[in-house]
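So the chains spell out like this:
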Amino acid sequence: MGKVIVVTSGKGGVGKTTSSAALGAALAQNGEKVVVVDFDVGLRNLDLVMGAERRVVYDLVNVIQGEAKLPQALIRDKRVETLYLLPASQTRDKDNLTPEGVEKVIAALKKAFDWVICDSPAGIERGATLAMRHADIAIVVTNPEVSSVRDSDRIIGLLDSKTLKAENGERMEKHLLLTRYDPARAERGDMLKVDDVLEILSIPLLGIIPESMDVLRASNLGSPVTLADEGSAPSRAYFDAVRRLKGEALPVTVPGERRSFFGKLFGRKAA
Amino acid sequence: MSDLFREHAVNLLLTISPIHLGNQKLTKITIVLTKPRPIRLKGRSFLALSLAPELPLEDWLAGLDDLADRSAGFFLRRPVVLDVDGLDINKAELRKLVDDLGQRKVRVMGIEGARHSLLGPDMPPAMNDGRPASDFEPPAEGETDEATEAQDAPAVETVVAAGPPIQATGSLVVTEPVRSGQSVFFPEGDVTIVGSVASGAEVVAGGSIHVYGTLRGRALAGTTGNGSARIFCRKLEAEMMAIDGFYLTAEDMEPDLRGRAVQVWLEGHALKTAILG
């Protein structure tokens, strides 16, 4: 049986889809069988980020409504053969997701894949709650700024109350993925500190992804960043996050702290 | 309880159980325009009998009469809530039932579990969110006189004594952080949070509030009119704190209290704050 991960945040634009694609690809690059499921019905993006937008025939809603079989809707990645995408529908809305339908699809995917990664839509409504409902593990994507942190806190509350695991009295495993971390802005004190975010959310840190042009470039190319440039800083951060996800005790380094001497030097010059 | 009554209770399905009513959140409303003194709305919890009628109503009312015969004044001065949840009844029948009860000196103060379409403006108001308390012992046959007298004289005390021992459940301990959007609501007494209260979360307590972590959200203590309640926290970043309806927003707090261990109490009509040790 595979593990179901929900990538969620509450707030939009923090990097859920980018992280879903990057983590999914990184897991698949390690030889694991992975499917990334887009739950953002009506505003799908995962197909673009994974470069599969021109290969979408059937989608999640088609499968749920019985118009297509699950294997027909799955799109295999052209670069990594153990990576699959289940796209969302762009023309329907979230009301087409039914709890029973989602349960059936997730159960079928769990049997066939090692990892089922659910890319949650923003918000706390139907799409988001259905995406998290069957998860074993939650990855909470947060930017180091106050509104994102508060929305993540709200989502953690829902993960502890509205999911199947919570209703069965079990504990949902939750991890924090801090994205769009900008060492220069952190240096100037324009962002929340990593320690402050961890203190507020009080869940374990899975990784810190630095803000980088590499991420934007990879998205525009239609490639998860871990596939586009394995050696880039964000890619290495995602690969490390995957190792921690699999249980490895790998210390987290805050981006920019190794260059703290130069950072201070440049900081003074700029001032 | 006599066997005879038990038989009635089973056959006629007359259930009598007290419930708590109206644990409304305390709010303070200030009328700025004309009145200098603010109006204060207080939440208060009362114990009421909940009557759940069963069909056919004639038989159920006969059972009620039987009970009233054995203990005159049993329903006198007792708040009664009619629980019609799951009862197949129309508007006219419900109105007749309320009238029938009125004739028997049972005054219905609210109706629980009724659809809105069943209730008119001339009917008792709808009630919801009642919480079950321990079952109420109706007086058994044979001991009617003493029981009736005892319950007749100090009506208020008897009602309270018949309810659950409120003081005994006077504290709630929460060992998880209170997340944004979550609300801890405990009008019965003190709340202790072992963890932080997030921005956008709220803790409402009838007694004092203790936060062994950072208080970033709202804390409302003494909401049932307890002016001696206090708020304690290990690190103050609160959005709002209130005791017995008097509140303090983040803007009005002393800036040097931020990030410190603080206690808050009520003195007269003003909230006082002090740094803890």
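Definitions and limits used
- Starting from 1, residues in each chain are numbered consecutively following that chain's sequence as written.
- Here every chain gets a letter starting at A, and every ligand a number starting at 1, in the order they are written.
- The model is predicted, so local features are restricted to residues of pLDDT at least 70 and side-chain atom pairs to those at 80 or more, both for listing and for counting; the totals for chains, interfaces and linings are taken over all residues.
- With hydrogens and water excluded, all non-hydrogen atoms of the structure serve as input to the side-chain values.
- Under the DSSP-based scheme used, a helix requires at least four consecutive residues in state H or I and a strand at least two consecutive residues in state E, with every element numbered from the N terminus.
- Type-normalised accessible area, obtained with a 1.4 Å probe on protein chains alone, sets the label of each residue: buried when under 20%, exposed when over 50%, and partly exposed for intermediate values.
- Throughout, a contact is declared for two residues whenever any of their heavy atoms are within 4.5 Å.
- Here a strand pair is declared whenever DSSP counts at least two bridges between the two strands.
- The convention used is that axes are lines fitted to C-alpha atoms, helices contributing only their stretch in contact, and that angles between N-to-C directions extend from 0 to 180 degrees.
- In what follows, salt bridge is the name for a side-chain nitrogen of Lys or Arg lying within 4 Å of a carboxyl oxygen of Asp or Glu.
- For this analysis, a ring pair means two rings from Phe, Tyr or Trp (six-membered ring only for Trp) whose centres lie within 6.5 Å, classed as stacked if their planes differ by under 30 degrees, edge-to-face if by over 60, and tilted for the remaining angles.
- A positively charged side chain is recorded as over a ring if its NZ (Lys) or CZ (Arg) lies within 6 Å of the ring centre. The angle to the ring normal must also be within 35 degrees.
- Two parts placed together each lose some accessible area under a 1.4 Å probe, and adding up what both lose gives the buried area.
- Throughout, nonpolar core names a set of buried Ala, Val, Leu, Ile, Met, Phe, Trp, Tyr and Cys residues whose side chains join them through atoms within 4.5 Å.
- Within this analysis, patches are made of residues with over 30% relative accessible area and no salt bridge. Like charges are joined at 9 Å or less; nonpolar side chains (Val, Leu, Ile, Met, Phe, Trp, Tyr) at 5 Å or less.
- Per-residue and other accessible areas follow the Shrake-Rupley method at a 1.4 Å probe size, with only the shown protein chains counted as cover for residues.
- In this tally, Lys and Arg are treated as positive and Asp and Glu as negative; His is ignored, and so are the chain termini.
- Lys charges are placed at NZ, Arg charges at CZ, Asp charges at CG and Glu charges at CD.

When you look at the overall build of chain A in this model, what are you seeing that I'm missing?
Tallying secondary structure elements over chain A gives 14 helices and eight strands in all. In chain A, buried positions account for 53% of the 271 residues. A fraction of 76% describes how many contacts in chain A between residues 6 or more apart in sequence connect residues 24 or more apart.

Help me understand the sheet that holds strand S11 (residues 190-193) of chain B, please; the structure alone is not making it clear to me.
Remark on secondary structure: sheet strands pair via backbone hydrogen bonds, oriented parallel or antiparallel. Residues and elements named next belong to chain B. Pairing is mixed across the open sheet formed by six strands, whose spatial order is S9-S11-S13-S15-S18-S19. One side of each edge strand has no neighbouring strand; the edge strands of this open sheet are strand S9 (171-174) and strand S19 (270-275). With strand direction ignored, the average angle separating the axes of adjacent strands in the sheet is 20 degrees. Examined bridge by bridge, S9 and S11 share four bridges and lie parallel to one another. Residue pairing for S11: Ser171 is matched across the bridge by Asp190.

I'm lost on the pattern of salt bridges in this one. Help?
Two side chains of opposite charge can pair, provided their charged atoms sit close to one another. Considering all chains together, one arrives at 22 salt bridges over all chains under this definition. Note that Arg92 of chain A is salt-bridged to Glu67 of chain A, the shortest N-O span being 3.3 Å. Highlighted residues: Arg92 of chain A in the loop between strand S4 (83-86) and helix H5 (99-112) and Glu67 of chain A in the loop between helix H3 (60-64) and helix H4 (70-73), separated in sequence by 25 residues. A residue is classified by how much of its surface remains accessible, and Arg92 of chain A, at 26% relative accessible area, is partly exposed. Among the ionic pairs, Glu176 of chain B bridges to Arg171 of chain A, the shortest N-O distance being 3.4 Å. Of this pair, Glu176 of chain B sits in the loop between S9 and strand S10 (183-186) while Arg171 of chain A sits in the loop between helix H8 (164-167) and strand S7 (173-181), each in a different chain.

I'm lost on the packing of aromatic side chains in this one. Help?
Two numbers describe a pair of aromatic rings. These are the distance of the centres and the angle of the planes. All names here are of chain A. The final tally for this structure, using the stated rule, is one aromatic pair over all chains. Measuring from ring centre to ring centre gives 5.3 Å for Tyr84 and Phe113, while their planes differ by 70 degrees; the resulting arrangement is edge-to-face. Of this pair, Tyr84 sits in strand S4 while Phe113 sits in the loop between H5 and strand S5 (115-119), and the two are 29 residues apart along the sequence. Assessed through its relative accessible area of 4%, Phe113 is described here as buried. Here the basic side chain of Lys33 rests over the ring of Phe113, its NZ or CZ set 5.0 Å away from the ring centre.

So what exactly am I meant to see when it comes to the sheet that holds strand S6 (residues 137-142) of chain A here?
Residues and elements named next belong to chain A. Taken together, the eight strands give an open sheet; going across it, the order is S3-S4-S2-S5-S1-S6-S7-S8, and neighbouring strands pair in mixed fashion. Edge positions in the open sheet fall to strand S3 (75-76) and strand S8 (205-210), since each of these has one partner strand only. Sheet topology places strand S1 (residues 3-8) next to S5; five bridges connect them, and they run parallel. Of the residues in S5, the one forming a bridge with Val7 is Asp119. Helix-sheet contacts for helix H1 (residues 16-29) involve S1, strand S2 (34-38), S4, S5, S6 and S7, and the interaxial angle to S5 is about 170 degrees. In the packing of helix H10 (residues 194-201) onto the sheet, the strands contacted are S6, S7 and S8, and the crossing angle to S7 comes to about 150 degrees.

For this particular structure, what's the right way to read the interface of chain B and chain A?
Between chain B and chain A, the contact holds 15 residues from the first and 11 residues from the second. For the pair chain B and chain A, the summed buried area comes to about 930 Å², and 35% of that belongs to carbon and sulfur atoms. Sorting the residues of chain B by area buried against chain A places Arg179, Ser180 and Arg216 of chain B first, and these three jointly supply 55% of that buried surface. One salt bridge connects Arg179 of chain B with Asp153 of chain A, and the closest N-O pair in it is separated by 3.0 Å.

Before we go on, may I ask you to explain the nonpolar core in this structure?
Side chains of a nonpolar character, in soluble globular proteins, are inclined to be buried together. Residue and element names in this part refer to chain A. The biggest cluster of nonpolar side chains holds 48 residues, and the ones touching the most others in it are Val35, Phe39, Leu86, Leu97, Leu109 and Val116. In this structure, Val35 is in contact with Leu74, Tyr84, Leu85, Leu86, Leu109, Phe113, Trp115, Val116 and Ile117, ignoring residues within four places of it in sequence. Ala22, Ala25, Val49 and Trp115 belong to the second largest nonpolar core, which has 37 residues in total.

Looking at this model, I keep getting lost on the environment of Ile117 of chain A. Mind explaining?
All names here are of chain A. With respect to the secondary-structure elements, Ile117 resides in strand S5. Residue Ile117 is classed as buried on the basis of its relative accessible area, which comes to 1%. Between the C-alpha atom of Ile117 and that of Val6, which follows or precedes it by 111 residues, the distance is 5.9 Å. Ignoring any residue separated from it by four or fewer positions in sequence, one finds Ile117 in contact with Ile5, Val7, Ser20, Leu23, Gly24, Leu27, Val34, Val35, Val36 and Val37.

Help me out: how do you make sense of helix H6 (residues 126-133) of chain A in this one?
Think of an α-helix as turning once every 3.6 residues; residues three or four places apart then point the same way. Extensive coverage of H6 of chain A is indicated by the burial of six of its eight residues. Turning to H6 of chain A, its buried residues are Gly127, Ala128, Leu130, Ala131, Met132 and Arg133 of chain A.

Could you clarify how one ought to interpret a negative patch on the surface in this entry?
Together, Glu187, Asp195, Asp196 and Glu257 of chain A make up a region of like negative charge exposed at the surface. Counting through the fold element by element, Asp196 of chain A comes out in helix H10.

Looking at this structure, how should I read a nonpolar patch on the surface?
Residue and element names in this part refer to chain B. There is a patch of nonpolar side chains on the surface, built from Val173, Val194 and Tyr212 and spanning about 290 Å² of accessible area. Residue position: Val194 is located in the loop between S11 and strand S12 (202-205). On the basis of relative accessible area, Val194 is assigned to the partly exposed category, the value being 41%.

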